[in-house]
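# Observations on chain architecture
Each chain, letter by letter, is given below.
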Amino acid sequence: MPRKGMRSICFQPKTLSFAIARDMMNSPSRASPSLLTPRRSFSESTMNQIIETASVMIMKWDPDSSTFAKVTSLFYENKREAMQFLKCINDLQKTMHSLVSEDSTSEKLIQAQNLMQIGMKILQKEFYQILSMNRAHLDPESVSTRSSRTSARSSLSDYEDEGSPYQDDDVRAAGDSITEVEEVSSIAMTDLKSIADCMISAGYAKECIHVYKIIRKSIIDEGIYRLGVERVSSSQINKMDWEVLDFKIKNWLKAVKIAMRTLFTGERILCDHVFSSSESIKESCFSDISKEGATLLFGFPELVAKSKKSHSEKMFRVLDMYTAIAENWPEVESIFSYESTSTVRSQALASLIKLADSVRQLILDFESHIQKDSSKVQVPGGGVHPLTTYAMNYLSLLADYNNILGDIFADWAPPSKSSLPQSYFDSPNTTDAPAPAVGLRMAWLILVLLCKLDGKAKHYKDVSLCYLFLANNLQCVLSKVRTSNLHYLLGEEWINKNEAKVRQFAANYVRLAWDPVIKSLPENSTATISPGQVKDYFKSFQSSFEHVYKQQSSCIVPDPKLRDEIKLSISTKLVAVYREFYNKHKNTLVGRNVGLFVRFTPEDVDNYLSDLFYEKSSSDESSGKASSSSTTSSSHRRHSRLRA
């Protein structure tokens, strides 16, 4: 608030007795007749009694006149007498109104004015002491536990019960439902309100506000400092290592929760209660106390969003900050509802906008990173490419923010349909799905990844390995989709279509890799053929199987389900055909050299297949599994046969 506006608040008393008396003494002719009309008529004896009573009470607690008053506090020493003191001040003020109308230059008016000034100094001191001595009990956390901003008890209703003597224990009794700390906080707030009401009514708002702002602003500033929020510049953030900036972001995420739930909430409750008699003073005090700290707090995310830092985790930190502000936005609007605190709301909104811009840019950077990946290194055995693992981990984590992303992507133009299959625009199509823009963007990013993987598959000279690579990587994509919120975003239709593609890739692999072995056997495996032909077929099968097995023994299928499906497909086509041929013709060949031509039983072939597609680290385990069959020798012996 501008200083001129502040002066108008500080120097305009709610009641004009002091101002009228001062003007009348300086120039009686300037007093307006309407202002000279007393609110209440007092007899001379009544006015004398009020002034005398006020004089005794005020001088008793004047530190300049009483040694006792120098070492103690009125509100701490005797709460009932404190209430009487406030009553004396109010009565004195009414007397001054009457005296102004009767004789603006009377000695009684001057005496009353002097007493009023001394009384205001005493109350200013008491106000300061209550604020200072109760810092712990008036901390925002304690204050914010109050159920509402109007739940504080009225001091006059507590202490003006003339029917029963005042007892300290009665004041400290809080009731069964609140803690001792909350009770002390409530009493201090009530005392502060009583003093503030009295000083504002007497035209001494300036002195009251001055004390309040000094002490309470220091608490806000100290709270912000203790939460680890400090003033930094864009250049400082750009020079920070990511680890340092990441630490500051995590610290800010904790700080904003505490600040909104306790620090600013508690301060607004306290300020609203203490200065409930004046809307303008409430606004002025809270604005001056909180605006600087709150603007600093909500300015940090904007600086992070605008920074040039590039790190894989930046996206999620930016989304965390966006979430924190979005979740606290109702409190921001409620706590900083005054026009004079609009800069806080504006700063929080500016940070939200910049964070959203940063998220969209980081999405584009992620897409560009996939498209520009130029590694030509072939993944051994047609396994999962590191780019697939990285991209799907990234997207599955991103999907956890689908609600926030729905807001951020709401007005973002979708990818060009000219380069995206129509099927990607048809899902998700459920009424419960979040904003389609999120699912659409995720589908697009996965398509960009799959297109890149398709290009990398062409680096394999073995076409069958190319298809196995595509099957493995698409299966990895689907596995991440099924086990994350991507499932919800992309929908069952998308998953089913891509599962069909995996099956097709796997079928192409089986056909291209293992058909030579199947074709080494006659088309009709049960047809009657000569012993020479039987011998040639066994030799051809043995040679073909050994060759293909050695080629495929380095292949990898990390996904257990896909691995079993491929093995079953090979076994169904190969082992079944070989078993028919073997059972039909195994007795056709006789002699001591039969073992040279019939080296594999159908069970041997099946067990050899069971060893396939495991990663190197698990080869021993897979060999052990295969050796458990009672119809075959150990895995070591099988491999020895193939090496022979």
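The rules behind these values
- Position numbers for residues start from 1 in each chain and track the written sequence from start to end.
- Owing to the predicted nature of the model, reporting of local features is limited to residues with pLDDT of at least 70; listing and counting of side-chain atom pairs is limited to 80 or more, with chain, interface and lining totals taken over all residues.
- The side-chain quantities take in all heavy atoms of the structure and omit both hydrogens and water.
- Per the convention used, a helix needs a DSSP run of H or I reaching at least four residues, while a strand needs a run of E reaching at least two, with both numbered from the N terminus.
- Relative accessibility thresholds used throughout: buried, under 20% of the residue-type maximum; exposed, over 50%; partly exposed, between the two (1.4 Å probe, protein chains only).
- Note that accessible areas follow from Shrake-Rupley with a 1.4 Å probe, and for residues the cover is restricted to the protein chains shown.
- Note on geometry: axes are lines fitted to C-alpha atoms, helical ones only across the stretch in contact, with angles between N-to-C directions running from 0 to 180 degrees.
- Roughly parallel refers to an angle under 35 degrees, roughly antiparallel to one over 145, roughly perpendicular to one between 65 and 115, and oblique to any angle outside these ranges.
- Handedness of each helix crossing follows the sense of rotation of the near helix against the far helix: counterclockwise by less than a right angle gives left-handed, clockwise gives right-handed.
- Here, residues are in contact when the closest pair of their heavy atoms is within 4.5 Å.
- Side-chain classes follow a simple rule in which Ala, Val, Leu, Ile, Met, Phe, Trp, Tyr, Cys and Pro form the nonpolar group, Asp, Glu, Lys and Arg form the charged group, and the remainder, Gly included, forms the polar group.
- Note on terminology: a nonpolar core comprises buried Ala, Val, Leu, Ile, Met, Phe, Trp, Tyr and Cys residues joined through side-chain atoms within 4.5 Å.
- Salt bridge, as used here, is a side-chain nitrogen of Lys or Arg placed within 4 Å of a carboxyl oxygen of Asp or Glu.
- Pairs were defined over the aromatic rings of Phe, Tyr and Trp, the Trp ring being its six-membered one, requiring ring centres within 6.5 Å. Orientation was assigned from the angle between planes: stacked under 30 degrees, edge-to-face over 60, tilted for the rest.
- Charge-over-ring contacts are defined here by two conditions on Lys NZ or Arg CZ: a distance within 6 Å of the ring centre and an angle within 35 degrees of the ring normal.
- The length a helix should cover is 1.5 Å for every residue beyond the first.

### Some thoughts on the overall build of the protein
The number of helices and strands found in the protein is 28 helices and zero strands. Counting only residues that meet the buried cut, the protein has 50% of its 644 residues in that class. Total accessible area computed for the protein in this model is approximately 31,100 Å², and 51% of it derives from carbon and sulfur atoms.

### Focus: the packing of helix H23 (residues 531-552) against helix H24 (residues 560-585)
Where H23 meets H24, the closest approach of the two axes is 11 Å, and the angle between their N-to-C directions is 150°. With respect to H24, the element H23 is oriented roughly antiparallel. Considering how the two elements wind past one another, H23 and H24 form a crossing that is left-handed. For the pair H23 and H24, the contacting residues are Val 534, Tyr 537, Phe 538, Phe 541 and Phe 545 in the first and Leu 574, Tyr 578, Phe 581, Tyr 582 and His 585 in the second. In terms of residue class, the contact of H23 with H24 is built from nine nonpolar, one polar and no charged.

### Here we look at the nonpolar core
Membership of the largest hydrophobic core comes to 178 residues, with the highest contact counts inside it found for Phe 127, Phe 264, Phe 275, Trp 514 and Phe 545. Ranked by the residues each element gives to this core, the list is headed by helix H14 (residues 242-274), at 15 residues. In contact with Phe 275, not counting residues within four places along its chain, are Phe 127, Ala 196, Ile 200, Cys 208, Tyr 212, Ile 281, Lys 282 and Cys 285.

### Re the side chain of Glu 81
Take Glu 81: it is sitting in helix H6 (residues 79-102). Non-local contacts of Glu 81, meaning those with residues more than four positions away in its chain, are made with Met 57, Lys 60, Trp 61 and Leu 74.

### Description of the pattern of salt bridges
With the rule as written, the count across this model stands at 25 salt bridges. Residue Asp 357 is joined to Arg 360 by a salt bridge in which the shortest nitrogen-to-oxygen separation is 2.6 Å. Remark: Arg 360 and Asp 357 occur in helix H17 (residues 342-371); sequence separation between them is three residues, near one turn of the helix. Notably, a salt bridge pairs Lys 497 with Glu 493, separated by 3.2 Å at the nearest N-O pair. Of this pair, Lys 497 and Glu 493 both sit in helix H22 (residues 486-519), four residues apart, which is roughly one turn of the helix. Take Glu 493: its relative accessible area is 32%, and that puts it in the partly exposed class. Here the salt bridges do not stand alone but share partners, grouping Asp 246, Lys 250, Glu 313, Arg 317 and Asp 320 into one network.

### Section: the packing of aromatic side chains
Within this structure, the stated rule accounts for 27 aromatic pairs. Judged by centre distance (6.4 Å) and plane angle (45°), the ring pair of Trp 514 and Phe 545 falls under tilted. Of the two residues, Trp 514 is situated in helix H22 and Phe 545 in helix H23; the sequence distance between them amounts to 31 residues. In this structure, Trp 514 and Phe 545 share a single accessibility class: buried. Pairwise contacts between aromatic rings join Trp 514, Tyr 537, Phe 538, Phe 541, Phe 545, Tyr 549, Tyr 578, Phe 581, Tyr 582, Phe 600 and Tyr 608 into one cluster. Against the face of Phe 286 rests Arg 268, its NZ or CZ located 5.6 Å from the ring centre. Arg 441 extends its terminal NZ or CZ atom over the ring of Trp 412, reaching a point 3.7 Å from the ring centre.

### Some remarks on unusual backbone geometry
With a phi angle near 75°, Phe 613 is a residue other than glycine that sits in the positive phi range. Examined against the element boundaries, Phe 613 turns out to sit in the loop between helix H26 (602-610) and helix H27 (619-627). Residue Phe 613 is classed as buried on the basis of its relative accessible area, which comes to 1%.

### A word on helix H12 (residues 205-226)
When the terminal C-alpha atoms of H12 are compared, their 31 Å separation across 22 residues agrees well with the 32 Å that a helix rising 1.5 Å per residue should span. Buried within H12 we find Ala 205, Cys 208, Ile 209, Val 211, Tyr 212, Lys 213, Ile 215, Arg 216, Ile 219, Ile 220, Gly 223 and Ile 224. Just downstream of H12, Gly 228 is the residue with a positive phi angle, here 85°.

Taken by themselves, the reported measurements are silent on function.
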